[in-house]
Every structure is written in C-alpha cells, then in structure tokens.
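# An overview of the molecular structure
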Amino acid sequence: QLPLSFRQIDMILRLALPLSAFSIRQWWENEKSHVQARAWLNAGFEVDRKGVNFIGGWVRFRRRTRKI
C-alpha cells in the first residue's frame, strides 16, 4: 500500500490537482475512461476501495492484483 497526501501528489506531479480531486469521490475511481485513473492503473496501482479521505487530504494506492 502507498498512502499519499494530496500535497505529496501535487509535488510528484509538479502541478496542482484539480479542485474536483479534493471533494468528488468519482475522481478517484479506477475507471480507464478517466485519464488520471489510466495513469495509476498503467503504473500498476489502483486506488484502494476505501482509500480516499477528503478530511485528512490523502489517498491510498495499492498494487493491482487483478485486471481492471
């Protein structure tokens, strides 16, 4: 598992996450139709089912164990 704060993700990407990433759960869905999800899925990760915490400002990724 790889928990990252939204701030850490901003620093890794060298750009700010869109405002929707801070409040809309669907933004973090593991849907290949979402360009951001394709990035983490292609890197071999997926967002953990309960791995988004808007109040704490973090998301938890895990290694993919199944094909999406």
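These lines cover the structure that appears in this document, whether it is placed above or below.

What counts and what doesn't
- Residues numbered from 1 in each chain as written.
- Predicted model: local features only at pLDDT ≥ 70, side-chain atom pairs only at ≥ 80, totals over all residues.
- Heavy atoms only, no water.
- Helix = DSSP H or I, 4+ residues; strand = E, 2+ residues; numbered from the N terminus.
- Core = buried A, V, L, I, M, F, W, Y, C linked by side-chain atoms within 4.5 Å.
- Buried < 20%, exposed > 50% of the residue type's maximum accessible area, 1.4 Å probe, protein only.
- Polar contact = N/O pair within 3.5 Å; in protein donor to acceptor, adjacent residues only side chain to side chain.
- Contact = heavy atoms within 4.5 Å.
- Pairing = 2+ DSSP bridges.
- Phe/Tyr/Trp six-rings, centres within 6.5 Å; stacked < 30°, edge-to-face > 60°.

### Focus on unusual backbone geometry
Phi at Arg14 is positive, roughly 60 degrees, even though this residue is not glycine. Examined against the element boundaries, Arg14 turns out to sit in the loop between helix 1 (6-13) and helix 2 (35-42).

### Some points on the nonpolar core
Counting 15 residues, the largest nonpolar core has Ile9, Leu17, Trp28, Trp40, Val47, Val59 and Phe61 as the members making the most contacts within it. Looking at this core, the elements with two or more residues in it are helix 1, helix 2, strand 2 (45-53) and strand 3 (58-63).

### Focus on the side chain of Arg60
Position of Arg60 relative to the elements: it lies in strand 3. Since its relative accessible area comes to 18%, Arg60 is described here as buried. At 2.7 Å, the side chain of Arg60 forms a polar contact with the side chain of Asp48. Ignoring sequence-local partners within four residues, the contact set of Arg60 consists of Gln1, Leu2, Pro3, Glu46, Val47, Asp48, Lys50 and Gly51.

### So, the pairing of strand 3
Bridge count for strand 1 (residues 2-5) against strand 3 is four bridges, and the pairing is antiparallel. Within the sheet, the bridge partner assigned to Pro3 lies in strand 3 and is Arg60.

### Comments concerning the packing of aromatic side chains
Under the defined criterion, the tally for this structure stands at eight aromatic pairs. Ring geometry for Trp27 against Trp28: centres 4.6 Å apart, planes inclined by 70 degrees, an arrangement best described as edge-to-face. Side by side, Trp27 and Trp28 carry an identical accessibility label, which is buried. Aromatic pair Trp28 and Phe61: ring centres 6.5 Å apart, planes at 70 degrees, arrangement edge-to-face. Taken together, the positions of Trp28 in the loop between helix 1 and helix 2 and Phe61 in strand 3 put the pair 33 residues apart, joining distant regions of the chain. Classification of Trp28 by relative accessible area gives buried; the value is 3%. Joined through ring pairs, the aromatic side chains of Phe6, Phe22, Trp27, Trp28, Trp40, Phe54 and Phe61 make up one cluster.

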